[in-house]
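Read off the chains here:
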Amino acid sequence: MSELLEGTPVALGGPRGFAVTRLLPAKGRRLVGAWCFLDAYGPVDLTATPGMRVAPHPHTGLQTVTWLLAGEVLHRDILGSVQEIRPGQLNLMTAGRGIAHSEETPAGHSPILHGVQLWVALPHAVRDMAPAFAHHDDLPVVTRDGLAVTVLMGSFEGVTSPAATHTPLIGAELSLDAGAEVDLPLDPAFEYALLTLDGAPTVDGTTLKPGPLLYAGDGRRSLRLTASSASRLLLLGGEPFAERLVMWWNFVARDHDEIVQMRADWADHTPRFGEVHGYDGPPLPAPPMPITRLVPRGRAR
Ligand code: MN
């Protein structure tokens, strides 16, 4: 089974904000393994624009994963982390019970920005863990038959990323040479999705352009990849996430009342979220709670 998820345009920070395409959660498809959020942006020319300016905001119950194809993003968080990320590097922020951070285009940046922003839901046992931040600039790469696999999270062919994971999952960049024809080995216990980052790769007979997310389902032992021109894809996979979640604003929780408490803790500046230093602007206010109670949802429908 496979389905093409087209994604929704979203302006971060309001109508004149930074334009992204939200691919997860999608209608009827909320998670791929524990991957619960995917925004793709660019390639966009930042010349004569403010670039990315995402003011301090909180997270809970998840890890944020930042991966760039071009350009730079500067991350700051309440732990004192100040980290510029560049293509080929991974920023992994584990929110646990609570963290806050800002993301911005740094001074002296490259003209073009292109990347993805992902979240991984933390399972019940560790979702209240202490917050942490890690920057990985030496990720393992597996090459074969015109394919290079950079392992962002999890393992591929016995090679494991140093990034901390809490459920069985994989995140990888697949780089195909022009003319590549390769069978990508998969774990049949995982469900998978693929996003074209550039080029026009063919996945299981379907040629994909940058834009939509191909959900490829589970139970597969391999996937045929070909490319007539050099192409790159993002591969996401993992064991289907069994827990039901409430995702609201930047929080991942288990029920409505937890969200109410998280929102109040951010609005009241409690020590749960701390303070981000160095960002030139006020923190983001939480939106109002919806009138109806938030309902925990499973991975699909
Ligand atoms: Mn964030």
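Student: Can you explain the overall build of the chain? Please cite residues and give values.
Tutor: Each helix and strand in the chain was counted, giving one helix and 26 strands. Taking 301 residues into account, the globule formula puts the C-alpha radius of gyration at 19 Å, and the chain, at 19 Å, falls close to it. Dimensions of the chain along its principal axes, counting C-alpha atoms only, are 55 × 45 × 35 Å. Counting only residues that meet the buried cut, the chain has 51% of its 301 residues in that class. Excluding contacts between residues fewer than 6 apart, the proportion of contacts in the chain whose partners are at least 24 apart in sequence is 72%. As presented, the chain carries roughly 12900 Å² of accessible surface, and 52% of it is formed by carbon and sulfur atoms. Put simply, the chain has 24 plus and 32 minus side-chain charges, and the middle of one group is 8 Å from the middle of the other.

Student: Tell me about the pattern of salt bridges, residues and numbers included.
Tutor: Tallied over the entire structure, the rule returns 14 salt bridges. Where Asp-39 meets Arg-22, a salt bridge forms, and the shortest distance between an N and an O atom there is 2.8 Å. Here Arg-22 lies in strand E3 (residues 18-24) and Asp-39 lies in strand E4 (residues 35-45), a separation of 17 residues in the sequence. According to the relative accessible area criterion, Asp-39 is buried, its value standing at 3%. What you see here is one network of salt bridges that share partners, running through Glu-181, Asp-183 and Arg-224.

Student: Account for the pairing of strand E24 (residues 231-238), with residues named and values stated.
Tutor: Among the eight residues of E24, seven are classified as buried, and the element is accordingly described as predominantly covered. The pairing of strand E17 (residues 169-176) with E24 spans eight bridges and is antiparallel. Paired with Leu-169 across the strands is Gly-238, a residue of E24. Sheet analysis places strand E19 (residues 191-198) next to E24, joined by seven bridges and oriented antiparallel. Residue Glu-191 lies in a different strand from E24, and its bridge partner there is Gly-238.

Student: If you had to explain the sheet that holds strand E7 (residues 73-77) to someone new, which residues and values would you point to?
Tutor: In space, the four strands of this open sheet follow the order E5-E10-E7-E8, with antiparallel pairing throughout. Bordering the open sheet on either side are strand E5 (53-59) and strand E8 (82-85), each of which pairs with just one other strand. The mean angle between the axes of side-by-side strands here comes to 20°, regardless of whether they run parallel or antiparallel. Where E7 and E8 come together, four bridges link them in antiparallel fashion. Within E8, the residue paired with Val-73 across the bridge is Ile-85.

Student: Which residues make up the sheet that holds E24, and what values go with them?
Tutor: An order of E1-E22-E19-E24-E17-E14-E13 is seen for the seven strands of this open sheet, with the pairing classed as antiparallel. The open sheet has two free edges, formed respectively by strand E1 (3-5) and strand E13 (141-144), since each of these has just one partner strand. This sheet shows a mean twist of 25° between the axes of neighbouring strands, independent of strand direction.

Student: So what about the packing of aromatic side chains? Which residues, and what values?
Tutor: In this description, a pair of aromatic rings is defined by centroid distance and the angle of the planes. Inspection of every chain in the model, using the stated rule, returns eight aromatic pairs. Considering the side-chain rings of Phe-190 and Tyr-192, the 6.0 Å spacing of their centres and the 45° angle between planes classify their relative orientation as tilted. Aromatic rings pair up to connect Trp-248, Trp-249, Phe-251, Trp-266 and Phe-273 into one cluster. Sitting above the plane of the Tyr-215 ring, Arg-29 keeps its charged end 3.8 Å from the centroid.

Analysis parameters
- Residue positions are given per chain, counted from 1 along the sequence in the order it is written.
- Two thresholds apply to this predicted model, a pLDDT of at least 70 for residue-level local features and 80 or more for giving and counting side-chain atom pairs, whereas whole-chain, interface and lining totals are computed over all residues.
- Side-chain measures here rest on the full set of heavy atoms in the structure, leaving out hydrogens and waters.
- Under the DSSP-based scheme used, a helix requires at least four consecutive residues in state H or I and a strand at least two consecutive residues in state E, with every element numbered from the N terminus.
- What the globule rule says is 2.2 Å times the number of residues to the power 0.38, and the radius of gyration is computed from C-alpha atoms.
- Three exposure classes are used, based on accessible area relative to the maximum for each residue type with a 1.4 Å probe and protein chains only: buried under 20%, partly exposed in between, and exposed over 50%.
- The contact criterion used throughout is that any non-hydrogen atoms of two residues lie within 4.5 Å.
- Note on areas: Shrake-Rupley with a 1.4 Å probe; residue coverage comes only from the protein chains shown.
- We treat Lys and Arg as the positive residues and Asp and Glu as the negative residues; His and chain ends play no part in the count.
- Where a charge lies is defined by one atom per residue type, namely NZ (Lys), CZ (Arg), CG (Asp) and CD (Glu).
- Whenever Lys or Arg places a side-chain nitrogen within 4 Å of a carboxyl oxygen from Asp or Glu, that contact is recorded as a salt bridge.
- Strand pairing requires that DSSP identify at least two bridges connecting the strands.
- Orientation is described by axes fitted as lines to C-alpha atoms, over the contacting stretch for helices, and by angles from 0 to 180 degrees between their N-to-C directions.
- Aromatic rings from Phe, Tyr and Trp, with only the six-membered ring used for Trp, were paired whenever their centres fell within 6.5 Å, and each pair was classed as stacked if the ring planes differed by under 30 degrees, edge-to-face if by over 60, and tilted otherwise.
- Two thresholds decide whether a charge sits over a ring: the Lys NZ or Arg CZ must be within 6 Å of the ring centre and within 35 degrees of the ring normal.

That's the geometry; what it means functionally is another story.
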